[in-house]
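Okay, here's what each chain looks like letter by letter:
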Amino acid sequence: MVKEIIKAGANINAGNGWIVGAAGRAGQTEVMKVFIEAGVAKENLDSAMHAAAGSGHLATVKLLFDNGADPNYAGTLRVASQDGNLEVVKLLLDGGAQITYTEEKGYPLHIAASEGHIDVVALLVEHGGDINRPLTDDMWVGLAAGGSFVGKGWTVMHVIALFGYPHVKELLDLGAEINVKDASGNTPLQVAVGSKKLKMTKEFLRFCADASLVDNEGMTAQALAVKAAEGNMTYFNEKQQNLVFTIKEALPDKLAATEANDEGYEALKEEFSALVSTSPALKEQLKNISYDGWEIKAAIRLILEEESKRELPEVIGDLYCKPALQKEHKVSIGTEYLAKCECVPGEGPTMTYTPVQEGDKCQQEISAQTESPTQEPAASA
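Residues numbered from 1 in each chain as written. Predicted model: local features only at pLDDT ≥ 70, side-chain atom pairs only at ≥ 80, totals over all residues. Heavy atoms only, no water.

Draft legend 1. Representation of unusual backbone geometry within the structure. In this structure, asparagine 16 is a non-glycine residue whose phi angle is positive, near 55 degrees. Its relative accessible area of 79% is what places asparagine 16 among the exposed residues. Even without a glycine there, the phi angle at alanine 74 is positive, about 45 degrees. The residue alanine 74 is located in the loop between α5 (58-66) and α6 (76-83) in this model. (Buried < 20%, exposed > 50% of the residue type's maximum accessible area, 1.4 Å probe, protein only. Helix = DSSP H or I, 4+ residues; strand = E, 2+ residues; numbered from the N terminus.)

Written out as structure tokens, the structure reads:
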């Protein structure tokens, strides 16, 4: 049909390449072959490959690349990274795509991380991407999840903290810094706390993030957690509040086990929607509520944030070794011990106790009433 329309005189390059771009976006490889045979303009080949890469159509991208499309055209690598199609990203990189940053759209590593594509992040680093490169300006990422603000000076580690993707170990293995600060002085741990990501907070502490660091306003992660816990949860209206309460009643165990990121929100949204469709009781409870999938996801996000902010101060207090305990101290429990807080990446902070030998010196003495072991000293010794 396309061939016949072209024979009848249709201009495939009309509309600033929109026609060719539509075929690329839809992955219509056979149609694209017809366009190429009919003499599609070079700039339209480029824009079509951009569209195909952003939609993950490998065969179409390869066809366009083999026919002269530019892999560096207008952020083609960036949109491929956001889509998370590893083979498309690899094809572009092998074809000469440069891992560049644009003020308007961002750095491919940050974009891939914002969607949880850790395999794409690793591939970009393998091809020369800087895992610790800070953003030079504010930007918006995660458009598929509704859009989120990312700050100046943020690295990839800050991005996963915001979006709740538990890839701390993978990024550390790629050379990422865990205590790096952004332009506001926030570490990834502080971003996780500020965005009420409980599981991400635990993950950063498990890999020995320094909770004693302060931001430009002098706030530690613990102070930010307390501030978050003091805030009140606000719903848009009574109907949405009813939706929140219904979800909490229907999926209590699943909510507790869900990662606070877009993948987790989407999975619970699908499960809740399926429950509503098969449960007369839920249908009755929600009969006067008009909502859609986006509102369900938003409600789930609010629930997880509300639960997280209550626990954050306690979690940091439990998992983080107080600065005073990061040096050896003498404790007396019948026998004297040297107590020291140590952190093993992947296992988190623990207290160790060693019997005091004659001649041992401690940097500071603390009585047993102030600091006492959380486990039997003899066993750990």
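Draft legend 2. Structural detail: the state of the cysteines. Here the structure, examined in full by the defined rule, presents 1 disulfide. Between the sulfur of cysteine 208 and that of cysteine 343 lies a disulfide, 2.0 Å long from S to S. Looking down the S-S bond of the cysteine 208 and cysteine 343 bridge, the torsion is -95 degrees, so its handedness is left-handed. Within this pair, whereas cysteine 208 is found in the loop between α13 (198-206) and α14 (221-230), its partner cysteine 343 is found in strand β4 (residues 335-344), the two being separated by 135 residues in sequence. By relative accessible area, which is 22% here, cysteine 208 ends up partly exposed. (Disulfide = S-S within 2.5 Å.)

Draft legend 3. Main features of the packing of aromatic side chains. Scanning all chains against the criterion turns up 0 aromatic pairs. Note that arginine 133 overlies the ring of tyrosine 107, its terminal NZ or CZ placed 4.8 Å from the centroid. (Phe/Tyr/Trp six-rings, centres within 6.5 Å; stacked < 30°, edge-to-face > 60°. Lys NZ or Arg CZ within 6 Å of the ring centre and 35° of its normal.)

Draft legend 4. Quick look at the nonpolar core. Membership of the largest hydrophobic core comes to 72 residues, with the highest contact counts inside it found for Leu92, Leu109, Val121, Leu171 and Phe204. Top element by residues in this core is helix α10 (residues 156-163). It accounts for 7 residues. In contact with valine 121, not counting residues within four places along its chain, are Leu109, Ala112, Ala113, Ile131, Leu171 and Leu174. (Core = buried A, V, L, I, M, F, W, Y, C linked by side-chain atoms within 4.5 Å. Contact = heavy atoms within 4.5 Å.)

Draft legend 5. Summary view of the pattern of salt bridges. Considering all chains together, one arrives at 17 salt bridges under this definition. With its nearest N and O atoms 3.7 Å apart, the salt bridge here joins glutamate 4 to lysine 7. Taken as a pair, glutamate 4 and lysine 7 lie in helix α1 (residues 2-7) at a separation of 3 residues, close to a single helical turn. Since its relative accessible area comes to 67%, lysine 7 is described here as exposed. Here arginine 301 ties to glutamate 305 by a salt bridge, and the two come within 3.2 Å at their closest N and O atoms. Of this pair, arginine 301 and glutamate 305 both sit in helix α19 (residues 293-319), 4 residues apart, which is roughly one turn of that helix. Judged by its relative accessible area of 31%, arginine 301 falls in the partly exposed class. Counted as one network, the salt bridges with shared partners bring together Lys248, Glu306, Glu307, Lys309 and Arg310. (Salt bridge = Lys/Arg side-chain N within 4 Å of Asp/Glu carboxyl O.)

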